[in-house]
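# Report on the structure
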Amino acid sequence: MTERIDLDGTRVAGRMPVAIDTLAGRIVLDVPSGCQPVTPASIVAIRGVAAHLGRLSGIGIDWGAGTGGLAIAAALGRAVERVIAVDVEAANLVATAANAASNGVGAKVVTVHADGFTPLDAAAADVLAGLDGRVGFVVANPPGCVDDDGLGWRRHVLAEAAALLRRGAPVLLQISRQYGRARITELAGSGLPYRYDGCVAESGWEPFDLARSELAELVHRYAAVERSGGGSYVFRVGTGAEARDAPAVAAIEAYEATGASPLTRWQLHLFRRT
Ligand SMILES: C[S@@+](CC[C@H](N)C(=O)[O-])C[C@H]1O[C@@H](n2cnc3c(N)ncnc32)[C@H](O)[C@@H]1O
């Protein structure tokens, strides 16, 4: 079942602590200067993980932990022994450790400085050693990729995690609606050992805020993919009776004409290791 998540009234992306109410309780994230901001996509992912704790057990990994929201949500699961929070930016890991402690799960969250699952120091190598086939789940809200169709980091997470995950283990991956169902389901069909089990949490219609430079860069990348015949993206443009799905090229044209960002839904999708 898809959990519908209302983002209204949620404070997002500031440097002040961000409070996120989830089905497993309130998670408060401090976001120090220089750390990864908490975005609407983060909040849907955090609340989606908290709504699906019954699927999580054993040792899990939060790939690209940022300030730790997904790791903390997962650590609230009764059957979860430990969550390994991985990030390439050391400052994020300091924030994750502090946030895990202040949310009462410090003993269950282990921070690891790594590029993906490749350790960047000896302590990380120790934590990541010997995990092949023993990991019970992965949660991730990876960055968008500007070198390909946008999903490169998601493919990378699924590919890297395959050796670590035990059979049947879930991967809860943040992927937003604008990628289109075909691209999302194909992530499980591109030679990787996964089955796609659907969208398990999503926001209402939210602006894909083209005033944010990283999102503007992504949408222009999507348009380039469409122009080269790589398949359409799916944004919602227009309002009321005029609302319709539109590809990235048309979404950019509508933004330039009206100043209104196109809409998407922030979503969390479930894959299973086969
Ligand atoms: C979109 S942010 C999500 C942060 C957090 N999970 C959240 O939802 O708020 C992506 C995170 O991935 C981290 N990251 C990017 N490349 C990485 C890599 N190669 N290995 C590990 N982490 C990486 C970034 O530092 C950042 O914290």
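Just so you know, these numbers come straight off a predicted model, no measurement behind them.

Turning next to the overall build of the protein. Looking only at helices and strands, the protein has eight helices and 15 strands in total. A compact globule built from 274 residues would reach a C-alpha radius of gyration of about 19 Å, and the protein, at 18 Å, matches this within 12%. When its C-alpha atoms are laid out on the principal axes, the protein stretches across 55 × 40 × 35 Å. Taking all 274 residues of the protein together, the buried fraction comes to 50%. Contacts spanning at least 24 positions in sequence make up 70% of the contacts within the protein whose residues lie at least 6 apart.

As a further point, take helix H3 (residues 90-102). Under the 1.5 Å per step criterion, the end-to-end length of H3 is 19 Å for 13 residues, consistent within 8% with the ideal 18 Å. The set of residues buried in H3 consists of Asn92, Leu93, Ala95, Thr96, Asn99 and Ala100. Summarising the axial view, the buried residues of H3 lie within an arc of 160 degrees, below the 170-degree limit, and thus occupy one face. Facing away from the buried side of H3 by over 90 degrees, the exposed positions are Val94 and Ser102. A positive backbone phi angle near 80 degrees is found at glycine 104, which sits one or two residues after H3.

Moving on: the domain arrangement of the protein. Domain annotation for the protein reports domain 1 (3-206 + 264-273) and domain 2 (207-263). In this structure, domain 1 and domain 2 have C-alpha centres spaced 26 Å apart. Taken residue by residue, the interface counts 18 residues in domain 1 and 19 residues in domain 2. For the pairing of domain 1 and domain 2, the buried interface totals around 1,400 Å² over both sides, and the portion due to carbon and sulfur atoms is 56%. On the domain 1 side of the contact with domain 2, Val146, Gln178 and Arg183 bury the most area, a combined 35% of that side's loss. Taken together, the connections running from domain 1 to domain 2 amount to one salt bridge. Close ionic contact of aspartate 245 with arginine 177 constitutes a salt bridge, the shortest N to O distance being 3.1 Å. Taken together, domain 1 and domain 2 are joined by 10 residue pairs in polar contact (both at pLDDT 80 or more). For the side of domain 1 that touches domain 2, the class distribution of residues is six nonpolar, six polar and six charged.

Below, the discussion takes up helix H8 (residues 248-258). Listed in full, the buried residues belonging to H8 are Ala248, Ala251 and Ile252. Buried residues of H8 fall within an arc of 100 degrees about the axis and therefore sit on the same side. When the buried face of H8 is taken as reference, the exposed residues oriented beyond 90 degrees from it are Glu253, Ala257 and Thr258. Those residues of H8 that are buried lie in contact with helix H7 (213-227), strand S12 (235-237) and strand S13 (244-246).

At their nearest, the axes of H7 and H8 sit 8 Å apart, and the two run at 135 degrees to each other. Taken together, the axes of H7 and H8 lie oblique to each other. The residues of H8 that touch H7, namely those facing Val219, His220, Tyr222, Ala223, Glu226 and Arg227, are Ala248, Val249 and Ile252. Here the residues of the contact of H7 with H8 sort into six nonpolar, one polar and two charged.

Centre-to-centre distance and the angle between the planes together describe a pair of aromatic rings. In this structure the tally under the stated criterion is nine aromatic pairs. On the basis of an interplanar angle of 40 degrees and a centroid distance of 6.3 Å, the ring pair of phenylalanine 208 and tyrosine 222 is categorised as tilted. Of this pair, phenylalanine 208 sits in the loop between strand S11 (206-207) and H7 while tyrosine 222 sits in helix H7, and the two are 14 residues apart along the sequence. Side by side, phenylalanine 208 and tyrosine 222 carry an identical accessibility label, which is buried. A cation sits over an aromatic face here: arginine 183 above tyrosine 233, 3.8 Å from the ring centre.

Here the focus is the nonpolar core. Note on soluble globular proteins: their nonpolar side chains tend to be buried together. Residues Tyr194, Phe208, Tyr222 and Phe271 are the most contacted members of the largest nonpolar core, which totals 51 residues. For this core, the element with the highest residue contribution is H7, accounting for six residues. For this core, the two domains that each supply at least three residues are domain 1 (3-206 + 264-273) and domain 2 (207-263). Ignoring sequence-local partners within four residues, the contact set of phenylalanine 271 consists of Leu158, Ala169, Pro170, Val171, Leu173, Ile175, Ile184, Leu187, Ala188, Tyr194, Arg195 and Tyr196. With 33 residues, the next largest nonpolar core counts Val105, Phe137, Val139 and Val200 among its residues.

Cut-offs applied
Residues numbered from 1 in each chain as written. Predicted model: local features only at pLDDT ≥ 70, side-chain atom pairs only at ≥ 80, totals over all residues. Heavy atoms only, no water. Helix = DSSP H or I, 4+ residues; strand = E, 2+ residues; numbered from the N terminus. Rg over C-alpha atoms; globule rule 2.2 N^0.38 Å. Buried < 20%, exposed > 50% of the residue type's maximum accessible area, 1.4 Å probe, protein only. Contact = heavy atoms within 4.5 Å. Expected span 1.5 Å × (residues − 1). Arc of directions from axis to C-beta. Domains from an automatic or database assignment. Buried area = accessible area lost by both parts, 1.4 Å probe. Salt bridge = Lys/Arg side-chain N within 4 Å of Asp/Glu carboxyl O. Polar contact = N/O pair within 3.5 Å; in protein donor to acceptor, adjacent residues only side chain to side chain. Nonpolar A, V, L, I, M, F, W, Y, C, P; charged D, E, K, R; others polar. Axes fitted to C-alpha atoms, helices over the stretch in contact; angles between N-to-C directions. Parallel < 35°, antiparallel > 145°, perpendicular 65-115°, else oblique. Phe/Tyr/Trp six-rings, centres within 6.5 Å; stacked < 30°, edge-to-face > 60°. Lys NZ or Arg CZ within 6 Å of the ring centre and 35° of its normal. Core = buried A, V, L, I, M, F, W, Y, C linked by side-chain atoms within 4.5 Å.

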